[in-house]
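What the coordinates show
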Amino acid sequence: MKLSLYQYQLQFKFPFRIAHGVRSHTDVVYVKLEHENFIGWGEATLPPYLPETQKSVSEFLLEFSKNISSNAVEDWFEKLNPVQTNLSAKAALDMALWNLKAQIENKTIGELLVVGDNTNNGFYFPMGTYTIGVSSFDEMKLKIEEGNKYGFEIFKIKLDGEKDEEQIRNFKKLSDKKFAVDVNQGWKTVEEAIGKIVWLKEEGCFLVEQPLDKNALDEMKLLKQKSVLPLYADESCQRLSDIENLKDSFDGINIKLMKCGGITEANQMILKARELKMKILIGCMSESSVGCTAAAHLTPLADYADLDGSYLISNDPFSGMKIKEGRIQLNQLVQSHAMTLL
Ligand code: MG
């Protein structure tokens, strides 16, 4: 098994503005695992609000791989699964291992995981959302045109608690498509949230993500009892161990490979959420086609997929999953740009 690491910087097509601030690019580390004639790819995307960096990811993975002499994918998983730190690095290696295992066994990742009771032919992929950060009218117009151009049928509008009405008013002037909102903890009180949710439902919103502070679970319980729209946890839901505590505060969870450390735990999270009768959204950070394609394999069991990462960047070094007629479509990963070896 040969491990190689590459550094890259993903450039946003539009500056990305949410409740936390604005940025133009995201650092990434790509993991390439070569075994016999197969190549598995993984991605660690490293937004600045998370602690991991290109340096920490490469140090962790080089150290990790030094201690494994086996070429068997299962031996790598056995060593990787108990890791509880460096979750972006772990996610990158985990998805590369799944990518490799699927090729070796000539199956898709979904088939290997037996996602629900589906077979690959019967897989039903959910609708994908296209994200619109907090934008001026003109910026929003361009973004909606982009989303429409790539076949998205639903949008996810970021709200910051300050310009909410302007965001929704502008969106409604420009599109009559369905939309979700992601508040990124931007609302301050249950009362504010209740009022805004009633208004958002009237405007055509179908889902509200992370309305209050990630730790405000008691307030969220009150909100859930009164909310006329389903509430999904994102910042409040990082890993498998979080889900049980969220069941009375949220209707659903947003699962991201970068938060939970990869496909292995994300699959366990799906099963747990289903057991608790919670809804599932499979999301991504600002990832390229490598991360989004890995996550796309899990989406037949999700209610929605927010896997627009590759559509928001101008220099994706790969192609993979796409949106077709609004739904997730799986494709093989193909590398299209050179990257710098770390
Ligand atoms: Mg979110």
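Each value, and the rule that gives it
Residues numbered from 1 in each chain as written. Predicted model: local features only at pLDDT ≥ 70, side-chain atom pairs only at ≥ 80, totals over all residues. Heavy atoms only, no water. Pairing = 2+ DSSP bridges. Helix = DSSP H or I, 4+ residues; strand = E, 2+ residues; numbered from the N terminus. Axes fitted to C-alpha atoms, helices over the stretch in contact; angles between N-to-C directions. Domains from an automatic or database assignment. Buried area = accessible area lost by both parts, 1.4 Å probe. Salt bridge = Lys/Arg side-chain N within 4 Å of Asp/Glu carboxyl O. Nonpolar A, V, L, I, M, F, W, Y, C, P; charged D, E, K, R; others polar. Core = buried A, V, L, I, M, F, W, Y, C linked by side-chain atoms within 4.5 Å. Buried < 20%, exposed > 50% of the residue type's maximum accessible area, 1.4 Å probe, protein only. Contact = heavy atoms within 4.5 Å. 1 Å grid on protein atoms, 1.4 Å probe; cavity = no way out; pocket = protein on both sides within 12 Å on 5 of 7 lines; lining within 4 Å. Points joined across faces, edges and corners; volume = space filled by probe spheres on them.

**Details of the sheet that holds strand β10 (residues 279-283)**
A sheet is described by the order of its strands in space; here 8 strands give the open sequence β4-β5-β6-β7-β8-β9-β10-β11, paired in parallel fashion. On the outer flanks of this sheet lie β4 (129-132) and β11 (304-306), each paired with one strand and no other. The average undirected angle you get between the axes of adjacent strands in this sheet is 25°. Note that strand β8 (residues 231-233) and strand β9 (residues 252-256) share 2 bridges and pair parallel.

**Describing the domain arrangement of the protein**
In terms of domain boundaries, the protein breaks down into domain 1 (2-112) and domain 2 (129-335). Its C-alpha centre places domain 1 at a distance of 22 Å from the equivalent point of domain 2. Counting each side, the surface lost to burial between domain 1 and domain 2 is near 3300 Å², with a carbon and sulfur contribution of 63%. Salt-bridge contacts for K13 lead to E146; the nearest nitrogen and oxygen are separated by 2.9 Å. Within the residue set of the side of domain 1 that touches domain 2, elements represented by two or more residues are β1 (2-18), β2 (21-35), β3 (38-46), α3 (87-104) and α4 (109-113). For the side of domain 1 that touches domain 2, the element with the highest residue contribution is β1, accounting for 11 residues. Classifying every residue of the side of domain 1 that touches domain 2 by side-chain character gives 19 nonpolar, 12 polar and 6 charged.

**Some remarks on the nonpolar core**
Ranked by internal contacts, the top residues of the largest apolar core, which has 106 residues, are Y30, L93, V181, L200 and L307. With 10 residues, α3 is the largest single contributor of residues to this core. Summarising the domain contributions, this core has at least three residues from each of domain 1 (2-112) and domain 2 (129-335). In contact with L200, not counting residues within four places along its chain, are L159, I168, F179, V181, W187, C205 and L229. By size, the runner-up hydrophobic cluster in this structure holds 7 residues, among which are A180, F206, L207 and L281.

**With respect to the layout of surface pockets**
To find leftover empty space, one rolls a probe the size of a water molecule over the atoms. The calculated volume of the largest pocket comes to roughly 660 Å³. Lining the largest pocket are 33 residues, and of these Y49, L50, K256, K259 and M285 sit closest to its centre. Secondary-structure elements contributing two or more residues to the lining of the largest pocket are β1, α3, β5 (154-158), β9 and α10 (257-260). Looking at which element gives the most residues to the lining of the largest pocket, the answer is β1, with 3 residues. Across the lining of the largest pocket, the residue classes tally to 11 nonpolar, 9 polar and 13 charged. Split by domain, the residues of the lining of the largest pocket number at least three in each of domain 1 (2-112) and domain 2 (129-335). Put simply, the second largest pocket is a space of about 400 Å³. Around the second largest pocket, the lining is made up of 21 residues, and of these N99, Q103, H297, Q332 and L333 lie nearest the centre. Mapped onto the lining of the second largest pocket, the elements with two or more residues apiece are β3, α3, α12 (289-296) and β15 (334-335). Broken down by element, the residue count for the lining of the second largest pocket peaks at 4 residues, all from α3. A breakdown of the residues in the lining of the second largest pocket according to their chemical character gives 11 nonpolar, 9 polar and 1 charged.

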